[in-house]
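Examination of the molecular architecture
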Amino acid sequence: MLQTSAKNGGRWAKKMGGAMVQAAQTIRRGIASAASSIVAAGGGTVVLVLLLTVILVAAIVASPFGILFSNESREAGVVPLSAAVAQVNYEYNERLEELQTADSYDSISVTGQSADWVEVLAVFAVKVAGSNDADAADVATMDADRIARLKAVFWDMTTIAHRIEVIHHPGSGDDDGWTERNLYITITAKTAEEMKAVHHFNRNQIAALEELLEQRDLLRELIEDVYSVSGDTAALLRDLPEDLLPEREAVVRTACSLVGKVNYFWGGKSLVIGWDARWGELRQVTAAGSSTTGTYRPYGTDCSGFVDWVFYNATGGGYIIGHGGGATAQHSYCTDISWTDAQPGDLVFYPDNSHVGIVGGRDANGELLIIHCASGYNNVVVTGLEGFTSIGRPQYYAEAGRS
């Protein structure tokens, strides 16, 4: 813990400010008697300081403020908070799609947005970690159980209603007329203030909620974090070849940074350094050629948009691999190679360039691992070759003086 604090001093110091100070002051009273006992028993000052530091940090992590440390874990089955949010957005998108594709409509109108994610996280942290119930749990590790609880809070705060307007247009003469069907979807969000009463928060929970909401910037950073990775993805990065060229490593690390965090969106493009503020916002799919065209869903990237974002960010905004085009254009800026020559950072394609991904490495059996934004998974995922039939080496590496 102390080594991690030293290595990430700036980040931890920032998190230990504001609300952390408030929490520490409360927890301090609880461990003051322990300090007195240690001193009375002859415990040394250094031992005392180290012990109380560990107790203090552990107590904070176990409190609602532990959510500010939720992107630190690299354990198997634990994901960054941004990936947990994307999973909830996936379910949100599914419900919207079910309504929009249940029938054929002449028009679809969607009004409203889901609950503010900062407020959802604050309510979730207080409800789960600030409760005195037997099922209280820390919110510093986002595993399957915590994600299920996060979904419950999200749906407590977000309601989707819909109505169908049917208009009969009478005909005349040989014209039989026609029936117009319009779908209206209304999304209503509750605020953190309203949730105090819904969940019957006590005085301490209300105080913790208000203090967390004062840390909006920190909570927003957790949602938009592109540096933390899940345990499984961290293992992929650890297994990269030691002699891998730095340009290739930068591409793979950048690709891994979005795994599990950004939903699929047909026609979704982004040339933004770091997190694109549009990701997760409800938007209409306007690009032609998809069954989702015309529907509304959380914004993200498509497969080629993901690859463009990766190379753009890996080069600090200096290179766009597709030069403004899609997967076909990206393939045209690659040199075809054999599968046996595949290296992390190369690109792989479906037939007719209908999909594109990035070679991330190999699994324990030596099989290739591919990082891609897939419509079937509605997210950025790491999979095997499944469906990829050709491989190309981006000319970028040769242009950078590497092969």
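Right, let's walk through the structure included here. (Residues numbered from 1 in each chain as written. Predicted model: local features only at pLDDT ≥ 70, side-chain atom pairs only at ≥ 80, totals over all residues. Heavy atoms only, no water.)

1. Quick look at the sheet that holds strand β2 (residues 158-169)
The sheet built from 3 strands is open, its strands ordered β1-β3-β2 with mixed pairing. Looking at which strands have only one partner, the edges of the open sheet turn out to be β1 (107-111) and β2. On average, each strand axis in the sheet is tilted by 15 degrees relative to the strand beside it, whichever way the strands run. Bridge analysis of β2 against strand β3 (residues 178-189) gives 12 bridges, and the strand direction is antiparallel. (Pairing = 2+ DSSP bridges. Helix = DSSP H or I, 4+ residues; strand = E, 2+ residues; numbered from the N terminus. Axes fitted to C-alpha atoms, helices over the stretch in contact; angles between N-to-C directions.)

2. As for helix α13 (residues 303-314)
Taking 1.5 Å per residue, 12 residues should reach 16 Å; α13 reaches 17 Å between its end C-alpha atoms and fits that length. Most of α13 sits inside the fold, with 11 of its 12 residues counted as buried. (Expected span 1.5 Å × (residues − 1). Buried < 20%, exposed > 50% of the residue type's maximum accessible area, 1.4 Å probe, protein only.)

3. Details of unusual backbone geometry
Positive phi outside glycine occurs at H200, with the angle close to 55 degrees. The backbone phi angle of D352 is positive, close to 60 degrees, even though this residue is not glycine. Take D352: it is sitting in the loop between β7 (347-349) and β8 (356-362).

4. Some remarks on the nonpolar core
For soluble globular proteins, the rule of thumb is that nonpolar side chains tend to be buried together. Counting residues in hydrophobic clusters, the biggest one holds 53 residues, and the most contacted among them are I67, W117, V120, V123, F124, M142 and L150. Looking at this core, the elements with two or more residues in it are α5 (81-101), β1, α6 (117-129), α7 (144-157), β3, α8 (192-198), α9 (203-213) and α10 (216-223). No other element matches α6, which puts 11 residues into this core. Once residues within four sequence positions are removed from consideration, W117 is found in contact with V85, V88, N89, L150, F154 and I223. Core analysis: the next-biggest nonpolar cluster, separate from the first, contains 40 residues, V229, A234, L240 and Y299 among them. (Core = buried A, V, L, I, M, F, W, Y, C linked by side-chain atoms within 4.5 Å. Contact = heavy atoms within 4.5 Å.)

5. Structural notes on the packing of α6 against α7
Their axes nearest at 9 Å, the elements α6 and α7 cross at an angle of 120 degrees. What the angle tells us is that α6 and α7 run oblique. Relative to α7, the crossing made by α6 is right-handed. Within the contact between the two elements, α6 uses W117, E119, V120, L121, V123, F124, K127 and V128 and α7 uses R146, R149, L150, V153, F154 and M157. Of the residues that constitute the contact of α6 with α7, the class distribution is 10 nonpolar, no polar and 4 charged. (Parallel < 35°, antiparallel > 145°, perpendicular 65-115°, else oblique. Left-handed = near helix turned anticlockwise from the far one by under 90°. Nonpolar A, V, L, I, M, F, W, Y, C, P; charged D, E, K, R; others polar.)

6. Some remarks on the pattern of salt bridges
Under the counting rule described, the total for this entry stands at 18 salt bridges. With a closest N to O distance of 3.0 Å, D346 and R248 form a salt bridge. On the criterion of sequence distance, the pair formed by D346 in the loop between β6 (334-336) and β7 and R248 in helix α12 (residues 246-256) is long-range, its members being 98 residues apart. In terms of burial, D346 and R248 fall into one category: buried. Bridged by salt links that share partners, the residues D116, E119, R216 and R220 form one connected network. (Salt bridge = Lys/Arg side-chain N within 4 Å of Asp/Glu carboxyl O.)

7. Side note on the environment of D302
Inspection of the secondary structure puts D302 in the loop between β5 (296-298) and α13. Along the chain, D302 and N379 lie 77 residues apart, while their C-alpha atoms are 9.2 Å from each other. Not counting chain neighbours up to four residues away, the residues in contact with D302 comprise Y264, F265, W266, G267, G268, K269 and C373. Within the local environment of D302, its side chain forms a polar contact with the backbone nitrogen of G267, the two atoms lying 3.1 Å apart. Of the polar contacts made by the side chain of D302, one reaches the side chain of K269; its length is 3.0 Å. (Polar contact = N/O pair within 3.5 Å; in protein donor to acceptor, adjacent residues only side chain to side chain.)

8. What to know about the pairing of strand β10 (residues 379-383)
Across the 5 residues of β10, 4 count as buried, placing the element largely inside the fold. The sheet contact formed by strand β9 (residues 368-374) and β10 spans 5 bridges and is antiparallel. Note on β10: the bridge partner recorded for I370 is T383. Two successive antiparallel strands, β9 and β10, enclose a turn made up of 4 residues, where N378 displays a positive phi of approximately 55 degrees.

9. Describing the pairing of strand β11 (residues 390-394)
By the criterion of burial, β11 is predominantly enclosed, with 4 of the 5 residues buried. Inspection of the sheet shows β6 paired to β11 by 3 bridges, in the antiparallel sense. Opposite C334, over in β11, you have P394 as the bridge partner. Relative to β11, β7 is paired through 3 bridges, and the arrangement is antiparallel. Each residue of the ladder has a partner; that of V348, found in β11, is I391.

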